[in-house]
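Geometric and topological summary
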Amino acid sequence: MSHWTVWFIRMSLIYFFLATLLGLLMLLWPGQGWIYLPSHTHLNLLGWMCMMIYGVGYHILPRFSGKPIFSETLIVVQFWLANLGLVGMSVFWGLYRLNAQGLFQGMLLLSAIAETLAIFLFVYNILRTVKPAG
Ligand code: HEM
Ligand code: HEM
């Protein structure tokens with residue numbers, strides 16, 4: 001397994017644990033749950049689910065295609081954008097719901113843009129890699 005595949009899988013498992021812990025805390029403090037809901041949802045879906053898919057996808061899809069991944073460099077850029085974007089979204093979404101300040105809203109937007117770019121890079125790299133068999 002490549003270095004970056006291992007790191008995507010490690011981060012996925014860490015987000016899974018953090019998201020679950022947050023879900024549990026939301027049950028323990030029902031009145032406050034809505035503040036942390038988007039962080040819980042996106043840590044689970046963009047963290048646990050998507051990071052696992054990125055890691056496994058980068059490992060397995062080029063092998064199914066019988067050719068190497070289109071760009072190793074894009075994987076590294078995507079790793080950092082996806083992780084910084086998700087951590088930023090999770091922290092600033094909670095802070096913004098606690099206190100609707102322009103700074104938190106701006107940081108949330110910036111993080112969401114980083115996350116969107118990361119998704120675009122994954123889509124682009126995989127589309128340039130996959131091809132029909134034969
Ligand atoms: C021990 C594990 C978990 C706990 C305790 C937990 C807890 C919660 C709680 C308290 C809510 C808020 C519900 C509400 O008040 O409307 C919620 C929402 C949600 N959770 Fe979890 N959760 C867990 C695992 C997961 C996992 C593994 C996923 C996805 C992979 C997930 C995805 C979601 C989503 C998408 C919502 C939003 C649903 C909506 O908008 O109605 N949760 N969870
Ligand atoms: C750049 C990536 C993403 C951005 C910027 C984003 C943004 C948003 C926004 C603005 C909301 C509405 C929250 C509110 O009610 O105030 C939302 C809700 C939701 N999103 Fe995303 N999303 C992203 C990716 C995803 C992905 C990849 C999934 C699923 C695989 C997902 C699943 C959900 C779900 C289930 C909800 C409803 C539960 C909740 O309110 O937290 N999102 N998202």
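So, here's what we can say about the structure.

Rules and cut-offs
- Residues numbered from 1 in each chain as written.
- Chains lettered and ligands numbered in written order.
- Predicted model: local features only at pLDDT ≥ 70, side-chain atom pairs only at ≥ 80, totals over all residues.
- Near = placed C-beta within 6 Å.
- Helix = DSSP H or I, 4+ residues; strand = E, 2+ residues; numbered from the N terminus.
- Axes fitted to C-alpha atoms, helices over the stretch in contact; angles between N-to-C directions.
- Parallel < 35°, antiparallel > 145°, perpendicular 65-115°, else oblique.
- Left-handed = near helix turned anticlockwise from the far one by under 90°.
- Nonpolar A, V, L, I, M, F, W, Y, C, P; charged D, E, K, R; others polar.
- Contact = placed C-beta atoms within 7 Å.
- Core = buried A, V, L, I, M, F, W, Y, C linked by C-beta atoms within 7 Å.
- Buried ≥ 20, exposed ≤ 12 C-beta atoms within 10 Å, placed from the backbone.
- Expected span 1.5 Å × (residues − 1).

With that settled, consider the site of ligand 1. As a matter of local geometry, ligand 1 sits amid 13 residues, with Thr20, Gly23, Met26, Thr41 and Asn44 nearest to it. At the level of secondary structure, the elements contributing two or more residues to the shell around ligand 1 comprise helix H1 (3–28) and helix H2 (33–65).

To continue, consider the packing of H1 against H2. Relative to each other, H1 and H2 sit at 160°, their axes nearing to 8 Å. It follows from the interaxial angle that H1 and H2 lie roughly antiparallel. Considering the relative orientation of H1 and H2, their crossing is left-handed. When the residues that make up the contact of H1 with H2 are grouped by side-chain class, the tally is 17 nonpolar, 10 polar and no charged.

Right, let's talk about the environment of methionine 11 for a bit. Note that methionine 11 resides in helix H1. Distance from methionine 11 to tryptophan 48, taken between C-alpha atoms, is 7.8 Å for residues 37 residues apart in sequence. For methionine 11, the contacting residues outside a window of four places in its chain are Met51 and Asn83.

Glancing now at the site of ligand 2. All residues in the neighbourhood of ligand 2 are listed as Leu37, Pro38, Thr41, His42, Leu45, Leu46, Met49, Cys50, Ala112, Glu115 and Thr116. When contributions to the shell around ligand 2 are tallied by element, the ones reaching two or more residues are H2 and helix H4 (102–129). In terms of residue count, the dominant contributor to the shell around ligand 2 is H2 (eight residues). Its residues placed into classes, the shell around ligand 2 shows seven nonpolar, three polar and one charged.

Burial of nonpolar side chains together is a common tendency in soluble globular proteins. Of all hydrophobic cores here, the largest spans 25 residues; its most connected members are Tyr15, Met51, Tyr54 and Ala82. If you list the elements that add at least two residues to this core, you get H1, H2, helix H3 (72–98) and H4. At nine residues, the largest contribution of residues to this core is made by H3. Setting aside residues up to four positions removed in sequence, methionine 51 forms contacts with Phe8, Met11, Ser12, Tyr15 and Ala82.

What follows covers the packing of H3 against H4. Interhelical geometry of H3 versus H4 gives an angle of 150° and a closest axis separation of 7 Å. Our classification of the angle between H3 and H4 gives roughly antiparallel. H4 is crossed by H3, and the crossing has left-handed handedness. Residue composition of the contact of H3 with H4, by class: 22 nonpolar, six polar and one charged.

Turning our attention to H4. Along an α-helix, residues three or four apart share an orientation, since each turn contains 3.6 residues. The terminal C-alpha atoms of H4 lie 41 Å apart, and with 28 residues this matches the ideal 40 Å at 1.5 Å per residue to within 8%. Buried residues in H4 make contact with H2 and H3.

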